[in-house]
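If you want the building blocks of each chain, they are given just below.
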Protein chains: 4
Amino acid sequence: MPGNSFGEAFRFTTWGESHGPGIGCVIDGVPPRLPLSEADIQTYLDRRRPGQSKYTTQRKEPDAVRIVSGTFEGLTTGTPIALAIDNVDQRSKDYGDIKDKFRPAHADYTYWRKYGIRDYRGGGRSSARETAMRVAAGAIARKVLGNTISIRGAMVQMGPHAIDRENWDWAQIDENPFWCPDASAAAAWAEELEGLRKAGNSVGAVIEVVGQGVPAGLGEPVYGKLDSDLARAMMTINAVKGVEIGDGFAAAAATGLDAADEMRKGDGPDAPEFLSNHAGGVLGGISSGQDIVVRFAVKPTSSILAERRTIDIHGNETEISTKGRHDPCVGIRAVPVGEAMMACVLADHLLRHRGQTGS
Amino acid sequence: MPGNSFGEAFRFTTWGESHGPGIGCVIDGVPPRLPLSEADIQTYLDRRRPGQSKYTTQRKEPDAVRIVSGTFEGLTTGTPIALAIDNVDQRSKDYGDIKDKFRPAHADYTYWRKYGIRDYRGGGRSSARETAMRVAAGAIARKVLGNTISIRGAMVQMGPHAIDRENWDWAQIDENPFWCPDASAAAAWAEELEGLRKAGNSVGAVIEVVGQGVPAGLGEPVYGKLDSDLARAMMTINAVKGVEIGDGFAAAAATGLDAADEMRKGDGPDAPEFLSNHAGGVLGGISSGQDIVVRFAVKPTSSILAERRTIDIHGNETEISTKGRHDPCVGIRAVPVGEAMMACVLADHLLRHRGQTGS
Amino acid sequence: MPGNSFGEAFRFTTWGESHGPGIGCVIDGVPPRLPLSEADIQTYLDRRRPGQSKYTTQRKEPDAVRIVSGTFEGLTTGTPIALAIDNVDQRSKDYGDIKDKFRPAHADYTYWRKYGIRDYRGGGRSSARETAMRVAAGAIARKVLGNTISIRGAMVQMGPHAIDRENWDWAQIDENPFWCPDASAAAAWAEELEGLRKAGNSVGAVIEVVGQGVPAGLGEPVYGKLDSDLARAMMTINAVKGVEIGDGFAAAAATGLDAADEMRKGDGPDAPEFLSNHAGGVLGGISSGQDIVVRFAVKPTSSILAERRTIDIHGNETEISTKGRHDPCVGIRAVPVGEAMMACVLADHLLRHRGQTGS
Amino acid sequence: MPGNSFGEAFRFTTWGESHGPGIGCVIDGVPPRLPLSEADIQTYLDRRRPGQSKYTTQRKEPDAVRIVSGTFEGLTTGTPIALAIDNVDQRSKDYGDIKDKFRPAHADYTYWRKYGIRDYRGGGRSSARETAMRVAAGAIARKVLGNTISIRGAMVQMGPHAIDRENWDWAQIDENPFWCPDASAAAAWAEELEGLRKAGNSVGAVIEVVGQGVPAGLGEPVYGKLDSDLARAMMTINAVKGVEIGDGFAAAAATGLDAADEMRKGDGPDAPEFLSNHAGGVLGGISSGQDIVVRFAVKPTSSILAERRTIDIHGNETEISTKGRHDPCVGIRAVPVGEAMMACVLADHLLRHRGQTGS
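Summary of the structure given here. (Residues numbered from 1 in each chain as written. Chains lettered and ligands numbered in written order. Predicted model: local features only at pLDDT ≥ 70, side-chain atom pairs only at ≥ 80, totals over all residues. Heavy atoms only, no water.)

1. A few points about the overall build of chain A
- Per the secondary structure count, chain A includes 8 helices and 18 strands.
- Taken over C-alpha atoms, the radius of gyration comes to 21 Å for chain A, in line with the 21 Å a tight globule of 359 residues would show.
- Projected onto its principal axes, the C-alpha positions of chain A cover 65 × 50 × 35 Å.
- For chain A, buried positions account for 67% of its 359 residues.
- In chain A, of all internal contacts separated by at least 6 residues, the share reaching a separation of at least 24 is 70%.
- For chain A, the computed accessible surface area is about 11000 Å², with 48% contributed by carbon and sulfur atoms.
- Chain A carries 41 positive and 46 negative side-chain charges, and their two centres are separated by 6 Å. (Helix = DSSP H or I, 4+ residues; strand = E, 2+ residues; numbered from the N terminus. Rg over C-alpha atoms; globule rule 2.2 N^0.38 Å. Buried < 20%, exposed > 50% of the residue type's maximum accessible area, 1.4 Å probe, protein only. Contact = heavy atoms within 4.5 Å. Areas by Shrake-Rupley, 256 points an atom, 1.4 Å probe, with all protein chains shown as cover. Lys, Arg positive; Asp, Glu negative; His and termini not counted. Charge placed at Lys NZ, Arg CZ, Asp CG, Glu CD.)

2. Some thoughts on the interface of chain D and chain C
- The interface of chain D with chain C comprises 110 residues on the first partner and 111 residues on the second.
- Both sides of the chain D and chain C interface together cover about 8800 Å² of buried area, and 59% of this is carbon and sulfur.
- Broken down residue by residue, the surface that chain D buries against chain C is led by Lys114, Tyr223 and Lys241 of chain D, which jointly contribute 11%.
- Linking chain D to chain C there are 8 salt bridges.
- Salt-bridge contacts for Arg309 of chain C lead to Glu262 of chain D; the nearest nitrogen and oxygen are separated by 3.0 Å.
- At the boundary of chain D with chain C, the tally comes to 63 residue pairs in polar contact (both at pLDDT 80 or more).
- Tallied by class, residues from the side of chain D that touches chain C come to 52 nonpolar, 33 polar and 25 charged.
- Pairing of strand β11 (residues 240-245) of chain C with strand β11 (residues 240-245) of chain D involves 3 bridges; the strand directions are antiparallel. The residue bridging Val243 of chain C from the neighbouring strand is Val243 of chain D, located in β11 of chain D. (Buried area = accessible area lost by both parts, 1.4 Å probe. Salt bridge = Lys/Arg side-chain N within 4 Å of Asp/Glu carboxyl O. Polar contact = N/O pair within 3.5 Å; in protein donor to acceptor, adjacent residues only side chain to side chain. Nonpolar A, V, L, I, M, F, W, Y, C, P; charged D, E, K, R; others polar. Pairing = 2+ DSSP bridges.)

3. Description of the sheet that holds strand β1 (residues 5-6) of chain D
Residue and element names in this part refer to chain D.
- Read across the open sheet, the 5 strands follow the order β1-β2-β3-β7-β4; overall the sheet is antiparallel. Two strands bound the open sheet, and with one partner strand each, they are β1 and β4 (65-69).
- In this structure, strand β3 (residues 22-28) lies alongside strand β7 (residues 81-86), joined through 6 bridges in antiparallel fashion. Among the inter-strand pairings, Val26 is bridged to a residue of β7, identified as Ala82.

4. So, the environment of Arg66 of chain B
All names here are of chain B.
- Here Arg66 shows up in strand β4 (residues 65-69).
- Spatially, the C-alpha atom of Arg66 lies 9.3 Å from that of Ser37, the residues being 29 residues apart in sequence.
- Those residues within four positions of Arg66 in sequence are excluded, and the remaining contacts are Glu38, Ala82, Leu83, Ala84 and Asp86.
- A polar atom in the side chain of Arg66 sits 3.0 Å from the side chain of Asp86.

5. Topic: the interface of chain A and chain B
- In this assembly, 111 residues from chain A lie in contact with 110 residues from chain B.
- Summed over both sides, the interface of chain A with chain B buries roughly 8800 Å², with 59% coming from carbon and sulfur.
- Together, Lys114, Tyr223 and Lys241 of chain A form the three largest contributors to the area buried by chain A at its contact with chain B, with a combined 11%.
- At the junction of chain A with chain B, the criterion picks out 8 salt bridges.
- The salt bridge partner of Glu319 of chain B is Arg264 of chain A, with a shortest N-O separation of 3.8 Å.

6. Remarks on the relation of the copies chain A and chain B
- For the pair chain A and chain B, the relating rotation is 180°, the translation along its axis is 0.0 Å, and the fit reaches an RMSD of 0.0 Å. Expressed as an axis order, the relation between the two copies is that of a two-fold axis. Taking C-alpha positions as reference, the residue of chain A nearest the rotation axis is Arg232 of chain A, located at 2.4 Å.
- Take the interface residues of chain A: 99% of them recur as interface residues in chain B, which is what a same-surface contact looks like. (Least-squares fit on C-alpha atoms with pLDDT ≥ 70 in both.)

7. A short note on the side chain of Thr318 of chain A
- With respect to the helices and strands, Thr318 of chain A occurs in strand β18 (residues 317-320).
- On the basis of relative accessibility, which here comes to 16%, the residue Thr318 of chain A falls in the buried class.
- Excluding its chain neighbours within four sequence positions, the residues that come into contact with Thr318 of chain A are Lys101, Arg308, Arg309, Thr310, Ile311 and Asp312 of chain A together with Arg264 of chain B.

8. What about the sheet that holds strand β9 (residues 161-162) of chain A?
- Taken in spatial order, the 10 strands of this open sheet run β9(A)-β8(A)-β10(A)-β16(A)-β11(A)-β11(B)-β16(B)-β10(B)-β8(B)-β9(B), and their pairing is antiparallel. Two strands lie at the open edges of the sheet, namely β9 of chain A together with β9 (161-162) of chain B, each paired on one side alone.
- Here 8 bridges tie strand β8 (residues 150-158) of chain B to strand β10 (residues 205-212) of chain B, and the two strands are oriented antiparallel to one another. Across the sheet, residue Gly153 of chain B finds its bridge partner in β10 of chain B, namely Val209 of chain B.
- On top of the sheet, helix α6 (residues 226-235) of chain B reaches β11 (240-245) of chain A together with β11 (240-245) and β16 (292-298) of chain B; it is set at about 155° to β11 of chain B, its chief contact. (Axes fitted to C-alpha atoms, helices over the stretch in contact; angles between N-to-C directions.)

9. Concerning the pairing of β10 of chain B
Residues and elements named next belong to chain B.
- Most of β10 sits inside the fold, with 7 of its 8 residues counted as buried.
- Pairing geometry for β10 and β16, over 7 bridges, is antiparallel. Residue pairing across strands places Ile207 opposite Phe296, the latter belonging to β16.

10. Topic: the relation of the copies chain D and chain C
- Placing chain D over chain C gives an RMSD of 0.0 Å and needs a rotation angle of 180°, together with 0.0 Å of translation along the axis.
- By residue overlap, the copies meet face to face through one surface: 100% of the interface positions of chain D are interface positions in chain C.

11. Comments concerning the pattern of salt bridges
- Applying the stated criterion to the full structure yields 86 salt bridges over all chains.
- Of the charged contacts, one joins Arg333 of chain A and Asp327 of chain A as a salt bridge, the two residues approaching to 2.9 Å between their closest N and O atoms.
- Accessibility expressed as a relative area gives 15% for Arg333 of chain A, which makes it buried.
- Overall, Asp327 of chain A belongs to the buried group, its relative accessible area being 4%.
- Put simply, Lys198 of chain D and Glu194 of chain D hold a salt bridge, and the shortest N to O gap is 3.5 Å. Highlighted residues: Lys198 of chain D and Glu194 of chain D, both in helix α5 (residues 183-198), separated by 4 residues, approximately one helical turn.
- Residue classification places Lys198 of chain D among the exposed positions, given a relative accessible area of 62%.

12. Here we look at unusual backbone geometry
- Cis geometry marks the peptide bond from Pro221 of chain C to Val222 of chain C; its omega dihedral reads 10°.
- If you check the backbone angles, Ala239 of chain B has positive phi at about 75° while not being a glycine.
- Considering the arrangement of structural elements, one finds Ala239 of chain B in the loop between α6 and β11.

13. Things to note about the environment of Gln42 of chain C
Residue and element names in this part refer to chain C.
- Looking at the secondary structure, you find Gln42 in helix α1 (residues 38-48).
- Using a relative accessible area of 16% as the deciding quantity, one classes Gln42 as buried.
- Separated by 23 residues in sequence, Gln42 and His19 place their C-alpha atoms 21 Å apart.
- Excluding residues that lie within four positions of it along the chain, Gln42 makes contacts with Pro62, Asp63, Ala64 and Val65.

14. What to know about the pairing of strand β8 (residues 150-158) of chain C
Residue and element names in this part refer to chain C.
- Among the 9 residues in β8, 7 count as buried, and that is most of the element.
- Both β8 and strand β9 (residues 161-162) contribute to a ladder of 2 bridges, which runs antiparallel. Bridged to Gln157 within β9 is Ala162.
- As consecutive antiparallel partners, β8 and β9 are separated by 2 residues, and within that stretch Gly159 has a phi angle of approximately 55°, a positive value.

Nothing here speaks to function; it is geometry throughout.
Here it is, written out as structure tokens:
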């Protein structure tokens, strides 16, 4: 019941703070005899790692992951897999300012109110550093899902600027620092973000994650629906304020005549052809075999140069600005995190479905 | 782990199908000695009940709830509260058409693929009839929350037509069949919806639910965040395709300069004044004491008069149209359901917070 | 987290009090397409039903079970199965005496202290009547387990009188009112119990439940061990004060030389022959393929004719005796309940094991 | 749902193998602002540590615990507490013999059957080394319980030799290597165990754990009863084969006349005097305020010098004996583990009770 675990059958628990000795997680329920090495996980961590472009925080964290239990001779054993990453770049700086002041739009005030104590160094437990462990868990989830299921994320909007979906090219996402599938949008974003970065400002983003090859039948109606678990998963990512499946909020504006995904005969009885995918691959909370399409909105980084009005822990009015290393668009680093969360949700439901139905 | 329960400390489990003998739920973890009568619950059920205007299905269900355990002499005992509602209007009709055909955008196909069997009568378990039990559980959750917390929902968009938020007046929501807080929007919607209804078509909607008086400190970071549990909760409601907190997707277009909710001294150390509420009352997954603001998008009813292309359980191509009693805008009835789900999430977190912190 | 559910993948939740309108349960996670009728469940309920001999309470409850959701055309659908039994013999009697007094060795005092309120009529929620629903859930668990797994219980000790295990004959358990596998012990018990009954006294018992045909591999080390879940399961049964697996407490007196269950080649690589079964079929928390052997101790019925000293809810000293209909040996009715709990634990672990390992 | 977590509100998850890099655990749900240092935990670990007398394995493990998250400036923060201990004495030895052979009465065969793979080095995950982390979690649970609740364990039987309860003196448990409260029994055991040790044999034991000062009201009927959770907890400890509460199995031999714990007026309305404690402090699954008394049986160490018949992973018949460092009576080291498990169960229920009832 406490909040630091995710999933039911494929279940991970994370621990660690931004400026403590390290971060880690325990993944329980992983099927046995899956090949798993540190390199398998490191690949995904490297995609999320900060400091890879001028648009992400310049904190230098190698994020070298160690597997400390749960594998034997290169295979998972079915017992808990524990992972650990040491924190190596906790710059010894003066925390005097944020020690007593609540940074607006951060978790400072609410942690204080909930717990009556907070580790103010770098946000402590509320730091986005925690998401490295989601990416690590996601790498293992992908092993559970196998090679026929692919999960890819892309940034589809930066600030008010959405991509042109006609230009969508998955190959582009590795060609720019935004995971942007639209080359021309990426170029425009680069210019815009550079301006915001220099001004000490920040901007929000929309991320889209697509799961392909997901079999029909995953999801536990009515409270463990695949889409409700995906919504929960994405909303647990730092700074996320909205989630949608398929047409999402656009569905509110549609009529029933338009919204139905009609069906035709496909390549066999278990693979009909859908003539559209307004539903985003989930009907009644269960996967349909179509692509799973999830989008989520990330608010702009709250740590900005400009002074904002706030109060301190004694209730006094004051101002605060953030001088440290920060991302002008945290949405960028949310892309691999969103992929990881989808992988974990799907792995969880794959095992749950197999448990109940045997298939 | 199976999917029919919701909540951790305040936990409810629902059962029942559209055309079976009845529906019900068991609510476990309710604090003892709360006054509770059937009338307390019936009040909320009556708000959701179908057949109250020409815009909701004409199925006549009195939805009379019975408390069958968990109270004694008008008070809760701390043991499980069981509720039951008999199904009385399962019109004996010919199910020949939907028996073998998959209705597009419904759960027919996915239940079939998941379970290899489905109760096709009225959608069986996937029917929105199940949501009556959420409303019932929500009525009890409100008792747990007490009188200082209020939870109200409103329809803020029907099809492409959003309300004018300047006109927001909570008193209006009981004055029109849409729970619409903008009287002029309600009038326009009435006309529009009548046209869609006559055409056998349907339309989507956006619902907003607001929790007021919620104390700071509720929520379990990082995977049991208050907003992620709210997102999950709303996404479990039938036909919901998107959820947002506070500014939601609009936050993606904002800059950090604009998005911060600045703070000033308020009425005491535990009640600062926030100068805005972009966050929707949740920071770092924990309530801030501001209003909790959640919106969700409901897709248009999938059951429409027009013929849509589909396949049958044998894989043959065919067409289907829905002739029965249906809602041209299911979003209307989703309003009390959304309120109930917020109440249940808040009650759950209130008990969890009290357990961990003692306050 | 609240206490009225059992199991993870095969999960049931019970509700109801002794003298309320009825009792019921919801079973979630049941695999789809299993044949299931009310008669399948009633068979097991009839074995537990009170009033079948002079050694069980004379309360007349037909305990006729109704399936109110989760099946369709005689098959399970994979959605929650809800069961209900009406209470028909809540004799309208004067509760004056137990209303305010705490019956020693009953749950009266502790419910009062925990909840500050209690339904004193017949014990309310703490009544053994609740166990009828375990038996019903167990009947469905047996469906999940299939025909190759058998679960049978026997009473192996009444008061200080243990059976002679040399006389063990499963066929005898249906030939006497004690589920006693030793015909000569049963005869002696009958005489002894008749004396206790007439004296208004009661006696304890030891029950043994044996699962045969259970495949190797079930159990989740280290905190969801098969034997720890069985221990928990049996200890939840009313009046149970001890549980043991295999040799149990006798193992404490043994040496390592004696306690090992040596292994020889059996009928194939997956079926070795064990030369003994001191372990009771569980090693390291995982089933070995041998018989699962569990015993539990039931204390004597606390409701007896003799006056016992107690206090009332106001703290005053007083005396109480119980005049109603009661079992001189509640252990008798615990036999089918113990069988049911083992069935539920095994079904749960069968589904969990299949989920993780695919086999 | 996977098996490596324990508890609901106070929840810990352990990881690690006997001969991997280390072991650890994550404890979630701990109340904030409790003083906690590594020394607080180390005290209890030192009591369990092997190699302290000739009666426990000579493996030299300093078991130095590190707190790697969840505290700040000496106080708990309410976020997950992660603990780690490095394995330093994994003697590089030849595992040739146990690599392919199943040691009787060990988990070798069942892990193999469940997972199709096993880390055979020192038992891997099934090693009693895991219990160090329970002791660490228990130290934190004691902080949650506070100073008015004390939990102490004692060995009350070694092999067939029980203590004389008339001699019970808690002060003695620190005076002998057996945690034995009866000085004369301890002396006799020492002689006996020395003989068994030299013969390469081993022996079982019975441990008793007593919780004093536990408030009335803890426990969640009917499936989260305090005693059923205690039974589960103790049964998860390696080599435990039986658990009993209060009179336990002796209750089966009693009559109702004898078994009732009569009540008299005590020191105030909330503190009656009980005239006996047959129930072991739990009635109807809820604590009564009396001492919580739990006993559990530990089987003799399965690793002995004598050759035992077994099979190997290829199904061939063979023999095996264990030459390594092992405990002639693993029951000794189970004493602090049993204490820790009781502390964790009580802390969990304390938080759960406070959540539901507010007190």
